[in-house]
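Observations on chain architecture
Here is how the chains run, residue by residue.
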Amino acid sequence: SAPELGRSLQALMEDTARRFYAAEGGVHVLSALEPASGEDLYVHYPAALQHIRDAFLEEDEEALGEAVSRWMGHIRDVRYPPEVVKEWTLKIVYDNQARFLTLQHYQSMFSLEILHQEMADIGSIEELADWTLKFFVDRLPLVGMIYRQSRRTEILKAQQYVNKNIGKKITLEEVADMLHINSSYFSRLFKKETGHNFIHYVTLAKMERAKELLSRTNISVEEVAEKLGYDNK
């Protein structure tokens, strides 16, 4: 009846949690929009962060769009509580930028307070997906600028290699071989161009990844060590 429809519409308008998963222009049953409970979204955090980060660091806008779409699609299917989803997404964007910029000795070009404000105004999963993709796409030029702070293509390729192979042992010799240059020369060149010796750079990258795994998963120190290519914890 018309009164029942009116009451349902009013309930939906007042219930931001259920409205979060209501597609614009769609026809919805209120009970089908209930946020699901039980599954921990943060179980997927390390995989999602790595997936999005890999596309971002490779400056691949298409892959970035696919990564964001995949994880937002998973969130839509399971219907996690919106506030948890927003906190999870905020951590994805912040951790990605903070780690990358810190390793490169750049100051952050975004404010966590501003990100919180923007996130609070987002009312739907579609809007959140669009916001997340735009956040990364708008910063893709920064990746190129940071990578190309060194004019040497050898350094760019070495940094990309480390970021893509963080889960295995990485030696100076193997990277030098990959670049087809002498290992001693590569060591001096990397230090000159980045301010880090190469092994220290690799260790910094691995420790940042270890912190993410330890803070957001229940895996042991031994498992973290194994995931990062260490024989001994």
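See above for the structure.
Not measured: the values here are computed from a predicted model. (Residues numbered from 1 in each chain as written. Predicted model: local features only at pLDDT ≥ 70, side-chain atom pairs only at ≥ 80, totals over all residues. Heavy atoms only, no water.)

Quick look at the overall build of the protein chain
Looking only at helices and strands, the protein chain has twelve helices and zero strands in total. Moving toward the C terminus, one meets the helices and strands of the protein chain in the order α-α-α-α-α-α-α-α-α-α-α-α. Counting the 233 residues in the protein chain, one finds 42% classified as buried. The contacts in the protein chain between residues at least 6 apart in sequence include a share of 66% that link residues at least 24 apart. Counting only carbon and sulfur atoms, one obtains 52% of the accessible surface of the protein chain, whose full area is about 12,800 Å². (Helix = DSSP H or I, 4+ residues; strand = E, 2+ residues; numbered from the N terminus. Buried < 20%, exposed > 50% of the residue type's maximum accessible area, 1.4 Å probe, protein only. Contact = heavy atoms within 4.5 Å. Areas by Shrake-Rupley, 256 points an atom, 1.4 Å probe, with all protein chains shown as cover.)

Comments concerning the packing of aromatic side chains
Describing an aromatic ring pair means giving the distance of the ring centres and the angle of the ring planes. With the rule as written, the count across this model stands at ten aromatic pairs. When the centroid spacing of 5.0 Å and the interplanar angle of 85° are considered together, the rings of Phe20 and Tyr21 count as edge-to-face. Note on accessibility: Phe20 and Tyr21 belong to one class, buried. Measuring from ring centre to ring centre gives 5.5 Å for Phe56 and Phe136, while their planes differ by 65°; the resulting arrangement is edge-to-face. With Phe56 in helix H3 (residues 45-57) and Phe136 in helix H7 (residues 125-147), this residue pair connects regions lying 80 residues apart in the sequence. For the pair shown, Phe56 and Phe136 are each scored as buried. Members of the aromatic cluster, joined through ring pairs, are Phe56, Trp131, Phe135 and Phe136. A cation sits over an aromatic face here: Arg139 above Phe135, 3.8 Å from the ring centre. One residue, Lys206, lies across the ring of Tyr230, its end atom 5.4 Å from the ring centre. (Phe/Tyr/Trp six-rings, centres within 6.5 Å; stacked < 30°, edge-to-face > 60°. Lys NZ or Arg CZ within 6 Å of the ring centre and 35° of its normal.)

Overview of empty space enclosed by the protein
Counted according to the given criterion, the structure contains one cavity of 30 Å³ or more. By volume, the largest cavity is sized at about 40 Å³. For the largest cavity, the full set of lining residues is Ile52, Val68, Trp71, Met72, Trp88, Thr89, Ile92 and Thr132. Grouping the amino acids of the lining of the largest cavity by side-chain chemistry returns six nonpolar, two polar and no charged. (1 Å grid on protein atoms, 1.4 Å probe; cavity = no way out; pocket = protein on both sides within 12 Å on 5 of 7 lines; lining within 4 Å. Points joined across faces, edges and corners; volume = space filled by probe spheres on them. Nonpolar A, V, L, I, M, F, W, Y, C, P; charged D, E, K, R; others polar.)

As for the side chain of Glu154
Its place among the elements puts Glu154 in helix H8 (residues 153-164). If sequence neighbours within four positions are ignored, Glu154 has contacts with Leu179, Ile181 and Leu189.

Let's talk about helix H4 (residues 61-78)
Taking 1.5 Å of rise per residue, 18 residues should cover 26 Å, and H4 covers 26 Å from first to last C-alpha, within 8% of that figure. Of the residues flanking the start of H4, the one acting as N-cap is Asp60, its side-chain oxygen 3.2 Å from the backbone nitrogen of Glu62. Once H4 ends, the next one or two residues include Arg79, with phi positive near 60°. (Expected span 1.5 Å × (residues − 1). Polar contact = N/O pair within 3.5 Å; in protein donor to acceptor, adjacent residues only side chain to side chain.)

Examining unusual backbone geometry
Located in the positive-phi region is Arg79, a residue other than glycine, with phi close to 60°. Relative to the assigned elements, Arg79 resides in the loop between H4 and helix H5 (82-103). With a phi close to 60°, His180 is a non-glycine residue in the positive phi region. Relative to the helices and strands, His180 is located in the loop between helix H9 (172-179) and helix H10 (183-194). Taking the relative accessible area as the measure of exposure, His180 reaches 73% and is therefore exposed.

Looking at H10
Three- or four-residue spacings in an α-helix give side chains the same orientation, since the helix completes a turn every 3.6 residues. Its twelve residues give H10 an end-to-end C-alpha distance of 16 Å, which sits within 8% of 16 Å, the value for a rise of 1.5 Å per residue. Along H10, the positions that sit buried rather than exposed are Phe186, Leu189, Phe190 and Thr194. The buried residues of H10 occupy one face: seen down the axis, they fall within an arc of 100°. Exposed and oriented more than 90 degrees from the buried face of H10 are Arg188 and Lys192. (Arc of directions from axis to C-beta.)

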